[in-house]
Every structure is written in C-alpha cells, then in structure tokens.
Amino acid sequence: MGHFDRTLEFIDQLQHANTATAVCEKLLGITSEFGLTALMAGTVPQPGTPRGQQKDHVLLCEWPGEWLERYVARNYVDHDPVVSHMKQLQAPFQWREASQSIRIDKSSGEVMGDAGEFKLRDGLAFPLVTLDGQIVMVSLGGEAVELSGADFGLVSLAATYAIGRAMQLHTMAAQTIDHVELTPRERECMQWAAVGKSEWEISQILGISEHTSEKHLLNAKSKLGAVNRVQAVAEAIRRGYIS
C-alpha cells in the first residue's frame, strides 16, 4: 500500500476515533514504524506560567509519565530548544535540527540530555495554527528515528489530521460534558494522585483495596475526559476539585 492510500485509510480510521486515547493509538500505530513512539501535543504556556497550570495546556499525551513530571517540575518548557525552534518555524522539522540551529546553553543541553534518559533522543515537531489563531505545538519522539523524505511527509500529514480530530473531540466534550460530578471518594483519590501517590499508597491512606483505589481513579479519569492520570489531575484542578 502506498503512502497516499495509507493516509486515506488513516483519515477514515480517525473519523471513527471517539476518544483522545483512540486518536493517540491510531497515530502512534503509524509513527511507531519510523521510531516515533511517544507523542505530546498542546498549547505552549507563557513564560513564567505557574508549574501547576502548565499541564492544563496538554491536549494529547502519550509521553513517559516520569519525564513529563520532570519537564514540568524543572520548567523545561522555557529552555527546550525544540519548543524555541517551533516558535520560529511554520514547517515540520526533526529535533536534531533544533540543536543545530539554536545555541545550546547549559539549560537547553540539560533538557535534551534528560530526554535521552527516557529514550527520547530524536523526533519530529511542528506548530499548528488554528483558524482562531491558537497555536498547538506537536512533538513526536523516540530512541531511533528513521524518516525518509516521503516518510516525513506522511507522518506530518497524519499528525496534523490526528491533532485536528483531537481538538474536535475536545470541543465536543466541552459542549456535552460541561458539568462533571466526582464522588467524594473519587475526589479523595484524585487529590492524593495529584501529589504523586500510587494506587497502592492511596489504598493504604484511605483504608481501601488497591483495586478499589484504581477503580476510583479510572472513573474520575473517564468523567473528566482525560487521556491519562496527568491530564486527569490537570482537569480536576481546573474544575476546582483539587486546590
């Protein structure tokens, strides 16, 4: 099957993807063939944005959880050469190009070095500008990335369609799930998850089984329309369930 036919098939599959998780799975199903196994997409917070609010900017996330926590905790967004390069370009590029075109100082070098620890040594990134002027930064990464010119175009186009579908779902969710009601126990579990407690630790704190704590967290994540725990915590904070 040629690249064009694969793209058409992918677009058709996306139209039947009804959750952000499904969109991630469809996109990574294609990009993983080229070594791009992780995805992050979202708006870029303004410099100085409080760390607790930075996760609110995440739209799609299939990124190593520990790496995301470190990225936010150390405020890497202000020093990431890939983000800096995206702000200057309107076209897709590989991460290695950012390192070559931007002066790498101690802080930006630390970002790239730490990313390598999580098998994110290279990738593909580009900004998307919506009709209302909102900029969405898209970054796909992996340990051993191999992209020909045709592959580069395929992945870029697929990612563009995927982010468009994710934004469509995000808008639909905001319109149809305007009010979310978490149970008291779901709120408690989310509050402990926000400070980094595992399902087992939460179960010990609340005196419930690990299975039950996991169930409460999954229910909360589903109600909040989140892709993963990080996004669920961010959404719970935004809605005032976690202060």
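Criteria and cut-off values
- Counting from 1, residues in each chain are numbered in the order their sequence is written.
- Confidence filtering applies because this is a predicted model: local features only for residues at pLDDT of at least 70, side-chain atom pairs given and counted only at 80 or more, and all residues used for totals across whole chains, interfaces and linings.
- Hydrogens and water are ignored here; the side-chain numbers use all heavy atoms of the structure.
- Note on conventions: DSSP H or I runs of at least 4 residues are helices, E runs of at least 2 residues are strands, and numbering of each starts at the N terminus.
- Expected span of a helix, by definition, is 1.5 Å for each gap between consecutive residues, and there is one gap fewer than residues.
- Note on classification: 1.4 Å probe, protein chains only; a residue is buried when its accessible area is under 20% of the maximum for its type, exposed when over 50%, partly exposed between these limits.
- By definition, two strands form a pair when at least two bridges between them are found by DSSP.
- Should a side-chain nitrogen of Lys or Arg be within 4 Å of a carboxyl oxygen of Asp or Glu, the pair is scored as a salt bridge.
- Remark: nonpolar core denotes a set of buried residues (Ala, Val, Leu, Ile, Met, Phe, Trp, Tyr, Cys) joined through side-chain atoms within 4.5 Å.
- What makes two residues a contact is simply this: any of their non-hydrogen atoms within 4.5 Å.

- With an unreviewed UniProt entry as reference, the protein chain is termed Transcriptional regulator, LuxR family, source organism Mesorhizobium delmotii.

## Points about helix α2 (residues 20-31)
So, point 1. Here α2 is 12 residues long and its end C-alpha atoms lie 16 Å apart, about the 16 Å a rise of 1.5 Å per residue gives.
So, point 2. Where α2 is concerned, the buried positions are Ala 20, Ala 22, Val 23, Cys 24, Leu 27, Leu 28, Ile 30 and Thr 31.

## Some words on the environment of Trp 63
So, point 1. Position of Trp 63 relative to the elements: it lies in the loop between β2 (58-62) and α4 (65-73).
So, point 2. When its relative accessible area of 13% is taken as the criterion, Trp 63 is described as buried.
So, point 3. Spatially, the C-alpha atoms of Trp 63 and Leu 120 are 9.5 Å apart, while their sequence positions differ by 57 residues.

## Some points on the sheet that holds strand β4 (residues 122-129)
So, point 1. On the basis of which strands lie adjacent, the open sheet formed by 5 strands has the order β2-β1-β5-β4-β3 and antiparallel pairing. Taken across any chain shown, the strands that pair with only one partner, and hence form the sheet edges, are β2 and β3 (93-94).

## Some thoughts on the pattern of salt bridges
So, point 1. Per the counting criterion, the structure on display carries 10 salt bridges.
So, point 2. Among the ionic pairs, Glu 117 bridges to Arg 70, the shortest N-O distance being 3.3 Å. In this pair, Glu 117 is assigned in helix α7 (residues 106-117) and Arg 70 in helix α4, connecting sequence segments 47 residues apart.
So, point 3. Across the pair Glu 186 and Lys 223 runs a salt bridge, and its minimum N-O distance is 2.9 Å.

## Describing the nonpolar core
Buried together is how nonpolar side chains tend to be arranged in soluble globular proteins.
So, point 1. Membership of the largest hydrophobic core comes to 34 residues, with the highest contact counts inside it found for Val 23, Leu 27, Leu 39, Leu 60, Val 138, Leu 140 and Ile 163.
So, point 2. Of all the elements in the fold, those that place two or more residues in this core are α1 (3-15), α2, β1 (38-42), β2, β4, β5 (135-142) and α8 (149-176).
So, point 3. The dominant element in this core, judged by the number of residues it contributes, is α8, at 9 residues.
So, point 4. When near neighbours in sequence (up to four residues on either side) are disregarded, Leu 140 contacts Leu 27, Leu 28, Thr 31, Leu 36, Ala 38, Leu 39, Trp 95, Asp 122, Gly 123, Leu 124, Val 155 and Ala 159.
So, point 5. Counting 24 residues, the second-largest nonpolar core is a separate cluster that includes Met 40, Trp 67, Phe 93 and Phe 118.

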